[in-house]
Amino acid sequence: MRSPALQLAVAMALSGTIGVCVVQSTLDPINFVFWRCVFGAISIGIWCLIHGLFFHFHTRGIIAAVACGALIVCSWILFFTAYGLTSIATATIVYHIQPFFVIIAGAFFFKEKITRLQILWIVAAFIGVALSSGFLSKGMPAGDHALIGVMLALLAAAAYALITLVTKSIRNQCAEITTFWQLIAGAALLAPFARYSHLPGWAAWGWVIGAGVILTGLCYALMFNAYPHLSTATISSLTFIYPLVAILCDNLVYGHRLTVVQYIGATLIAVSTLGARFGWGMPRVVTRLARVQ
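Residues numbered from 1 in each chain as written. Predicted model: local features only at pLDDT ≥ 70, side-chain atom pairs only at ≥ 80, totals over all residues. Heavy atoms only, no water.

Enquirer: Provide a residue-level description of the nonpolar core, including the pertinent values.
Expert: Ile18 and Phe80 are the most contacted members of the largest nonpolar core, which has 80 residues in total. The residues touching Ile18, leaving out its near neighbours within four places in the chain, are Phe32, Arg36, Phe80, Tyr83, Ala211, Leu215 and Tyr242. (Core = buried A, V, L, I, M, F, W, Y, C linked by side-chain atoms within 4.5 Å. Buried < 20%, exposed > 50% of the residue type's maximum accessible area, 1.4 Å probe, protein only. Contact = heavy atoms within 4.5 Å.)

Printed below as a string of structure tokens:
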């Protein structure tokens, strides 16, 4: 694939199937994340070896990557646990509020200024979370498990936001090397907790290895290769292929359908994310209401 946009689109589409891999593997989230880190590190390590990237690293960058490894396993475990408590589609939609946690964390840890417009988009995004959670939809189960699932997806998004901030501090180190050490650290941290006596059957191993080699190794390689050649607008737009594919997979494979209210919430999160990133102005009525308040 010579087109960077096509590479990123394929990577996002493949990534959207991760929920099916988690469920079909029959593994609990901790074990699934452990094996994903193992096979992901092997595949990305081979990529780095072939391209001679192991000769270009910095000690501080590796230390930061190892710290991110702890966060990434936390994020994945929380996210995958949310699947079984809500649904793949709902958890994925809520998880994609992470750009706003980046803004909030940046203001909290680095004293970065948040504009009034960004605050409005953040509020709009969280309204989208409330709508997409399903609790405001007729006929949707609003039990404790579903609520916990939504909260876990939010915590997973917050953890991933911290990964984004830490990764931004890494300079002059290839993203592939950073990811390799993240996965190595993740595998090392989870190794003592993995249940080696309760391994899945041979059929399930295909889902586990596929998640590590294809959805981690291949997809990350495609993304890292595409990012330098694409504008922020293109990257932001193509990122939403991930939740769309996740919603489609959840519907086709498991028969879970979102309500109209949930689709409105998902759309609101997507529009709010793009609006905050590109500084889109809110409708005048909303802006005036905010000024009055």
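Enquirer: Residue-level account of the pattern of salt bridges, with values.
Expert: By the definition in use, this model includes one salt bridge. A salt bridge links Arg195 to Asp28; the nearest nitrogen and oxygen atoms lie 2.8 Å apart. Highlighted residues: Arg195 in the loop between α9 (175–190) and α10 (202–226) and Asp28 in the loop between α2 (18–25) and α3 (29–50), separated in sequence by 167 residues. With a relative accessible area of 43%, Arg195 lands in the partly exposed category. (Salt bridge = Lys/Arg side-chain N within 4 Å of Asp/Glu carboxyl O. Helix = DSSP H or I, 4+ residues; strand = E, 2+ residues; numbered from the N terminus.)

Enquirer: I'd like a rundown of the environment of Ile241, residues and numbers included.
Expert: Counting through the fold element by element, Ile241 comes out in helix α12 (residues 241–254). A sequence separation of 230 residues divides Ile241 from Ala11, and the C-alpha atoms of the two residues are 9.2 Å apart. If we skip the residues at most four places from it in the chain, Ile241 touches Ala9, Met12 and Ala13.

Enquirer: Please give an account of the packing of helix α1 (residues 4–15) against helix α11 (residues 232–239) that cites residues and values.
Expert: Closest axis-to-axis distance for the α1/α11 pair is 9 Å, and the angle between their directions is 25°. One way to sum up the angle between α1 and α11 is to call them roughly parallel. The hand of the α1/α11 crossing is right-handed. In contact with Ala5, Leu8, Ala9 and Met12 of α1, α11 contributes Ile235, Leu238 and Thr239. (Axes fitted to C-alpha atoms, helices over the stretch in contact; angles between N-to-C directions. Parallel < 35°, antiparallel > 145°, perpendicular 65-115°, else oblique. Left-handed = near helix turned anticlockwise from the far one by under 90°.)

Enquirer: Explain the side chain of Ser87 to me, and be specific about the residues and the numbers.
Expert: For Ser87, the location among the structural elements is in the loop between α4 (59–85) and α5 (88–95). For Ser87, a relative accessible area of 8% puts it in the buried group.

Enquirer: Which residues make up the packing of α2 against α10, and what values do they have?
Expert: Put simply, α2 and α10 touch, their axes get as near as 8 Å, and they point 150° apart. Judged on the interaxial angle alone, α10 and α2 are roughly antiparallel. The crossing of α2 and α10 is left-handed. Side by side, α2 and α10 meet where Ile18, Val20, Cys21, Gln24 and Ser25 of the first sit next to Ala204, Trp207, Val208, Ala211 and Leu215 of the second. Within the contact of α2 with α10, the residues separate by chemical class into eight nonpolar, two polar and no charged. (Nonpolar A, V, L, I, M, F, W, Y, C, P; charged D, E, K, R; others polar.)

Enquirer: Can you break down unusual backbone geometry residue by residue, with the values?
Expert: Unusually for a residue other than glycine, Thr26 sits at a positive phi of about 65°. When you line up the elements, Thr26 lands in the loop between α2 and α3. Residue Thr26 is classed as exposed on the basis of its relative accessible area, which comes to 62%.

Enquirer: How would you explain a nonpolar patch on the surface if you had to name every residue and give the values?
Expert: Together, Ile209, Val213, Ile214 and Leu218 make up an exposed nonpolar region whose accessible area comes to about 280 Å². Inspection of the secondary structure assignment puts Val213 in helix α10. (Patch = residues over 30% accessible without salt bridge, like charges linked within 9 Å, V, L, I, M, F, W, Y side chains within 5 Å. Areas by Shrake-Rupley, 256 points an atom, 1.4 Å probe, with all protein chains shown as cover.)

Enquirer: So what's going on with the packing of aromatic side chains? Which residues, and what values?
Expert: With the rule as written, the count across this model stands at 15 aromatic pairs. With a centroid separation of 4.1 Å and 10° between ring planes, the pair formed by Phe79 and Tyr95 is classed as stacked. Pair noted here: Phe79 is in helix α4 and Tyr95 is in helix α5, with a separation of 16 residues, a long-range link. The pair formed by Phe79 and Tyr95 is uniform in burial state, with each residue classed as buried. Ring geometry for Phe80 and Tyr83: centres 5.6 Å apart, planes at 35°, overall tilted. A residue pair is termed a helical-turn pair when its members lie 3 or 4 positions apart in one helix, as Phe80 and Tyr83 do in helix α4 at three residues. For the residue pair Phe80 and Tyr83, the accessibility class agrees, reading buried in each case. Three or more aromatic residues joined by ring pairs make a cluster, and in this case those are Phe32, Phe79, Phe80, Tyr83, Tyr95 and Tyr160. (Phe/Tyr/Trp six-rings, centres within 6.5 Å; stacked < 30°, edge-to-face > 60°.)

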